[in-house]
Amino acid sequence: MAQSKHLLQTWFPHTTSPFIANAPMFGFADYSLAAAVTKAGGLGFIGGGFDFTTESSQLTKLNGQLEKARAEVGDISSNNLPIGVGFITFKPSGFIDNVIPLLQRHRLAAVWLSFPEADADHLPIIEGIHQVRTKSDWNVKIFVQTGTVQAAMEAVKQGADVVVVQGSDAGGHQWAQGASLISLLPEVRDTLAETGAASHTAVLAAGGIVDGRGCVAALGLGADGVVMGTRFVATEECAAPSLIKKAILSGSDGAASTIKSIRHDVFQSTDVFPRQYDGRAVIGISYDESKSGASDEDIIQRYKDAMKNGEDDRRTVWAGASIGVIKEELSVSNLVKSVQQEVKSVLNRLNQSI
Ligand SMILES: Cc1cc2nc3c(=O)[nH]c(=O)nc-3n(C[C@H](O)[C@H](O)[C@H](O)COP(=O)(O)O)c2cc1C
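Below, the structure is looked at part by part. (Residues numbered from 1 in each chain as written. Predicted model: local features only at pLDDT ≥ 70, side-chain atom pairs only at ≥ 80, totals over all residues. Heavy atoms only, no water.)

### Quick word on the site of the ligand
Reasoning step 1: Taken together, 23 residues form the shell around the ligand, and within it Gln 145, Gln 166, Gly 208, Gly 229 and Thr 230 come nearest.
Reasoning step 2: With respect to the ligand, the backbone of Gly 208 contributes an N or O atom lying 2.8 Å from an oxygen atom.
Reasoning step 3: In isolation the ligand exposes 590 Å². Once the protein is present, 96% of that is buried.
Reasoning step 4: Split into classes, the residues belonging to the shell around the ligand amount to 12 nonpolar, 10 polar and 1 charged. (Near = heavy atom within 4 Å. Polar contact = N/O pair within 3.5 Å; in protein donor to acceptor, adjacent residues only side chain to side chain. Areas by Shrake-Rupley, 256 points an atom, 1.4 Å probe, with all protein chains shown as cover. Nonpolar A, V, L, I, M, F, W, Y, C, P; charged D, E, K, R; others polar.)

As structure tokens, this is what we get:
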């Protein structure tokens, strides 16, 4: 494990320990969040979206975001831009022709792939990035988010540099048939060791980590660093609407107040993910109405009417099961610092008590 921890520090020399990244939450993780995370000693990710066609407005927007990110992080690195972009890959067409050149032009340090229709769909993308990488001095690292041991090993075989192991406490989209980090991570770590890939592959944990305690647990289970999504939504630099931040800050008992389901997408007509994925979100008005017998058609109409009237209260609040531990909106730099400091104090406490 020490060796792959060393990998992350070698690949991203501006980062401090333990390694922390924000999840590339499409729509929420923009340049200001990503740049703040990088400047705080983590690795910032921008959510790049899922449309890779030539006409993609998402890619046009991303180009502008990357220019702003470069200006924001300034002189941390004169070569690579020490930021990553995450993509949702269930419609991979156009990635090789339109995304890879964009990433190379901005000299992104990392690319994150998640939610393919089939695991095999990542192979041509990863091979495409490898080809450009070997022919140039652009040393981008490839992160693949996975929710099963099988998917993690497939990603390693395909040439991923970093496997992000996503447990079922995670906020947002994830494997419908999932498991928590406590069972998933050690098995990924063991299997990785058996394949001999551990020397050149790093492992990150995602799902329900919101503070130093979760971070220590993840490191103990075999991660080299952590990814936080929901926790970073409740930061000053995150562009999430205040209603969503408030729902996260006031939420408690994630076991009862959030649920993994495809219904959150159905209610707001965003049910476009392949069936092996669902998503964890706060149980909201639409979910309650559905349970009380309202039809999907009625709920979808009410959602559309509310959005037309500028009312946000039916919007899905994607959030992880640790929502109850998030009490305060923090600046990104305070959050990263406090998690890293808490890791040390938890380790001291454990050292004394065991
Ligand atoms: C609001 C929100 C949006 C998300 N959007 C994406 C996304 O666009 N792409 C992606 O790969 N993962 C996305 N995720 C999942 C994260 O990658 C990550 O697995 C998750 O946030 C980890 O769990 P946590 O939220 O408990 O920290 C999202 C998560 C949240 C909470």
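### Digging into the pairing of strand S4 (residues 108-114)
Reasoning step 1: Counting buried residues in S4 gives 7 out of 7 residues, a clear majority hidden from the surface.
Reasoning step 2: The sheet contact formed by strand S3 (residues 81-88) and S4 spans 6 bridges and is parallel. For Phe 87, the partnering residue across the bridge sits in S4 and is Leu 113.
Reasoning step 3: What joins S3 to S4 is helix H4 (residues 95-106), and the crossover it makes is right-handed.
Reasoning step 4: In the sheet, S4 pairs with strand S5 (residues 141-146) via 4 bridges, with the strands oriented parallel. Bridged to Trp 112 within S5 is Phe 143. (Buried < 20%, exposed > 50% of the residue type's maximum accessible area, 1.4 Å probe, protein only. Helix = DSSP H or I, 4+ residues; strand = E, 2+ residues; numbered from the N terminus. Pairing = 2+ DSSP bridges. Right-handed = clockwise from strand over helix to strand, strands pointing away.)

### Examining the packing of helix H8 (residues 212-221) against helix H15 (residues 332-353)
Reasoning step 1: The geometry of H8 relative to H15 is characterised by a closest axis approach of 8 Å and an angle of 65° between their N-to-C directions. Here H8 is positioned roughly perpendicular relative to H15, judged by the angle of their axes. Once H8 is placed against H15, the crossing between them reads as right-handed. Contacts between H8 and H15 involve Gly 212, Arg 213, Cys 215 and Val 216 from the first element and Val 339, Glu 342, Val 343, Val 346, Leu 347 and Leu 350 from the second. (Axes fitted to C-alpha atoms, helices over the stretch in contact; angles between N-to-C directions. Parallel < 35°, antiparallel > 145°, perpendicular 65-115°, else oblique. Left-handed = near helix turned anticlockwise from the far one by under 90°. Contact = heavy atoms within 4.5 Å.)

### Section: the packing of aromatic side chains
Reasoning step 1: On inspection of all chains with the given rule, the structure shows 15 aromatic pairs.
Reasoning step 2: When the ring of Phe 45 is compared with that of Phe 143, the centres are 5.2 Å apart and the planes differ by 70°; the resulting orientation is edge-to-face. Taken together, the residues Phe 45 in strand S2 (residues 44-49) and Phe 143 in strand S5 connect sequence positions 98 residues apart. The exposure classification of Phe 45 matches that of Phe 143, with both residues buried.
Reasoning step 3: Measuring from centroid to centroid gives 5.3 Å for Phe 87 and Phe 95, while their planes differ by 85°, and the two rings are edge-to-face. The exposure classification of Phe 87 matches that of Phe 95, with both residues buried.
Reasoning step 4: Taken together, the ring pairs connect Phe 26, Phe 50, Phe 90, Phe 115, Trp 175, Phe 273 and Tyr 277 into an aromatic cluster. (Phe/Tyr/Trp six-rings, centres within 6.5 Å; stacked < 30°, edge-to-face > 60°.)

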